[in-house]
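Here is how the chains run, residue by residue.
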Amino acid sequence: MPSKNPLAGLAGRNFLTTDDLSDSELEALLELAARFKARGPGALLAGRILGMVFFNPSLRTRASFEAGMFQLGGHAIDLSIGQGVWKLEHRDGTVMDGDAAEHLREAVPVLARYCDLLSVRCFPSGKDWAVERTDPILSGFAAYSDVPVINMESSLYHPCQALADLLTIREKLRKTKGKRFLLTWCRHPRALPTAVPNSAALIASRAGMRITIARPPGFDLDPDIMARVRANARKSGGSVEVVDGFEAGFDGADVVYAKEWGSLDHYGDDAAEKALRARHTDWMVGARQMKRTRDALLMHCLPVRRNVALADEVLDGPWSVVVDEAENRLHAQKALLVALAGKAGPKAKTRTAARARR
Ligand code: CP
């Protein structure tokens, strides 16, 4: 008889984007995360090891995964590429006479022999969006690993952040269907990646929210992501609109999700991108904007630059849930780790069984 626990089907799978999850899997993961938050998880992953591969810096992701594995009775190995760990090549057919000492084709299967789960953070390089939008490093990990791979933020997605974000919205608003979700672009001195706004829009569209994306012209998200956001919204009973102006989107919003990102129109052309970004220095969220909302939750994935993207008065004001959001990374990821490791469902596949099928 098939298992009634939707999480059993996640055992042995990769988690690269929230769109990898069915509606019932997403719901069950969030319920498990809420249970772990209320009552603690227990040592469900005793003896299990997570290998965390970081190509880029992190505070929350690194600390929450390591803390989560400890709380689950397991262990996390921090592998920061280029800092005591060999630099890795991911392109095929490359003559490896540069900085990289090792290729993903060897490094990933070796790590999979030591670890029960692998996680990877790999930001885009900022050179060629046509290449970056294929998520080449994350795809390499998924191809060469025979244990589950978790995306800790890639070129396209930050799905662990999105799980924590939806958990936070559900805690605070209870109901998500029909609520107004404003994803607003904010200023920043550098062209940041689009993984967080992509994942924020994707998860809000799964939750039946009425989404407004406010960004200056030239800062559209990738068209394939937008197509999926629209498809998700159609299925969930939500809606999506994209607006140019900064102020109007705040009217009646229940959630303000603030994020800085660079222009894909000028991806790889730093000077042109910077010149475009410099024309929109007024895009900083302050109390004046938040007062137009329905006492909205102010969300941001962090790290955030005070008085650049968000004013002190809103980060320190009644709207901000940014620390709760960061805490929920811990609970959401513990639920995810347990599910992927096959410890969340009665008929979960074992690692050995998953390997034997390959
Ligand atoms: N939000 C987030 O992923 O934070 P870090 O970059 O510090 O991990």
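Every value quoted in this text rests on a predicted model; they were computed, and no experiment measured them.

Undergrad: Can you help me understand the site of the ligand in this one?
TA: Taken together, the neighbourhood of the ligand is formed by S58, L59, R60, T61, R121, H158, Q161, C301, L302 and R329. In the environment of the ligand, an oxygen atom lies 2.7 Å from a nitrogen or oxygen atom belonging to the backbone of L59. Here a nitrogen atom of the ligand and a backbone polar atom of L302 are 2.9 Å apart. Protein contact buries 93% of the 260 Å² of open area that the ligand shows by itself. In this structure, the shell around the ligand is formed jointly by two domains, domain 1 (8-157 + 327-348) and domain 2 (161-325), each of which donates at least three residues.

Undergrad: Where do I start with the environment of D128 in this structure?
TA: Considering the arrangement of structural elements, one finds D128 in the loop between β5 (117-121) and α4 (129-132). As for D128 and D295, which are separated by 167 residues in sequence, their C-alpha atoms are 40 Å apart. Side-chain polar atoms of D128 contact the backbone nitrogen of A130, separated by 3.0 Å.

Undergrad: What should I look at first to understand the pattern of salt bridges in this one?
TA: Opposite charge on two side chains lets them pair, provided their charged atoms get close. Following the criterion strictly, the structure yields 26 salt bridges and no others. Close ionic contact of D220 with R215 constitutes a salt bridge, the shortest N to O distance being 2.6 Å. Residues joined in a network through salt bridges with shared partners are D19, D23, R206, R228 and K235.

Undergrad: Please clarify how the packing of helix α1 (residues 23-39) against helix α6 (residues 159-173) should be interpreted in this entry.
TA: The angle between the axes and the distance between the axes are what describe a pair of packed helices. The contact between α1 and α6 brings their axes to 10 Å, and the two run at 70°. Relative to α6, the element α1 lies roughly perpendicular. On the side of α1, the interface is formed by L26, E27, L29, L30, E31, A33, A34 and K37, while α6 contributes L163, L166, L167, R170 and E171.

Undergrad: Whenever I open this one, the sheet that holds strand β8 (residues 210-214) confuses me. Can you help?
TA: What links the strands of a sheet is backbone hydrogen bonding, and the strands pair in either a parallel or an antiparallel sense. Across the sheet, 5 strands lie side by side as β9-β8-β7-β10-β11; this open sheet has parallel pairing. Bordering the open sheet on either side are β9 (239-243) and β11 (297-299), each of which pairs with just one other strand. Ignoring strand direction, the axes of neighbouring strands in this sheet form an average angle of 20°. Here strand β10 (residues 255-260) pairs with β11 via 3 bridges, running parallel. Its bridge partner being in β11, Y257 is matched across the sheet by M299.

Undergrad: Please clarify how the confidence of the model for the chain should be interpreted in this entry.
TA: Should the pLDDT be low somewhere, the predicted coordinates at that spot are not to be read in detail. The predicted model of the chain has a mean per-residue pLDDT of 95, with 95% of residues at 70 or higher. Below pLDDT 50 for its whole length, residues 347-358 participates in 21 contacts with residues either more than four positions away or in separate chains.

Undergrad: Can you help me understand unusual backbone geometry in this one?
TA: Note: most residues except glycine have negative phi, and most peptide bonds are trans. Here the residue pair L302 and P303 is connected by a cis peptide bond, since its omega of 5° sits within 30 degrees of zero. Take P303: it is sitting in the loop between β11 and α11 (312-315). Unlike most non-glycine residues, R174 shows phi in positive territory, near 65°. Tracing the backbone through its elements, the reader meets R174 in the loop between α6 and β7 (180-186). Exposure remark for R174: the relative accessible area of 68% places this residue in the exposed category. The phi dihedral of N307 is positive, around 65°, even though this residue is not glycine. Relative to the elements of secondary structure, N307 occurs in the loop between β11 and α11. N307 gets classed as partly exposed once you look at its relative accessible area, which sits at 35%.

Undergrad: Before we go on, may I ask you to explain the pairing of β9 in this structure?
TA: Looking along a regular strand, one sees the side chains alternate between the two faces of the sheet. As judged from the 5 bridges shared by β8 and β9, these two strands associate in the parallel manner. Bridged to I211 within β9 is V240. Once you follow β8 into helix α8 (residues 223-236) and on to β9, the crossover reads as right-handed.

Undergrad: Teacher, can you tell me more about the packing of aromatic side chains here?
TA: By convention here, two paired aromatic rings are described through the distance between centres and the angle between planes. Applying the stated criterion across every chain yields a total of 7 aromatic pairs. Centre to centre, the rings of W129 and Y267 are 5.3 Å apart; their planes meet at 55°, and the pair counts as tilted. Placement of W129 in helix α4 and of Y267 in the loop between β10 and α9 (270-277) is noted, with a sequence separation of 138 residues between them. Taken together, the ring pairs connect W185, F219, F246, F250 and W283 into an aromatic cluster.

Undergrad: Can you walk me through helix α3 (residues 104-114) in this structure?
TA: Every α-helix carries 3.6 residues per turn, so stepping three or four residues along brings you back to the same face. Among the residues of α3, L104, A107, V108, L111 and A112 are the ones counted as buried. Around the axis of α3, the buried residues are gathered within 130° of arc, so they sit on the same side. In α3, the exposed positions that point more than 90 degrees away from the buried face belong to R113 and Y114.

About the thresholds
- Residues numbered from 1 in each chain as written.
- Predicted model: local features only at pLDDT ≥ 70, side-chain atom pairs only at ≥ 80, totals over all residues.
- Heavy atoms only, no water.
- Near = heavy atom within 4 Å.
- Polar contact = N/O pair within 3.5 Å; in protein donor to acceptor, adjacent residues only side chain to side chain.
- Areas by Shrake-Rupley, 256 points an atom, 1.4 Å probe, with all protein chains shown as cover.
- Domains from an automatic or database assignment.
- Helix = DSSP H or I, 4+ residues; strand = E, 2+ residues; numbered from the N terminus.
- Salt bridge = Lys/Arg side-chain N within 4 Å of Asp/Glu carboxyl O.
- Axes fitted to C-alpha atoms, helices over the stretch in contact; angles between N-to-C directions.
- Parallel < 35°, antiparallel > 145°, perpendicular 65-115°, else oblique.
- Contact = heavy atoms within 4.5 Å.
- Pairing = 2+ DSSP bridges.
- pLDDT = per-residue confidence, 0-100.
- Buried < 20%, exposed > 50% of the residue type's maximum accessible area, 1.4 Å probe, protein only.
- Right-handed = clockwise from strand over helix to strand, strands pointing away.
- Phe/Tyr/Trp six-rings, centres within 6.5 Å; stacked < 30°, edge-to-face > 60°.
- Arc of directions from axis to C-beta.

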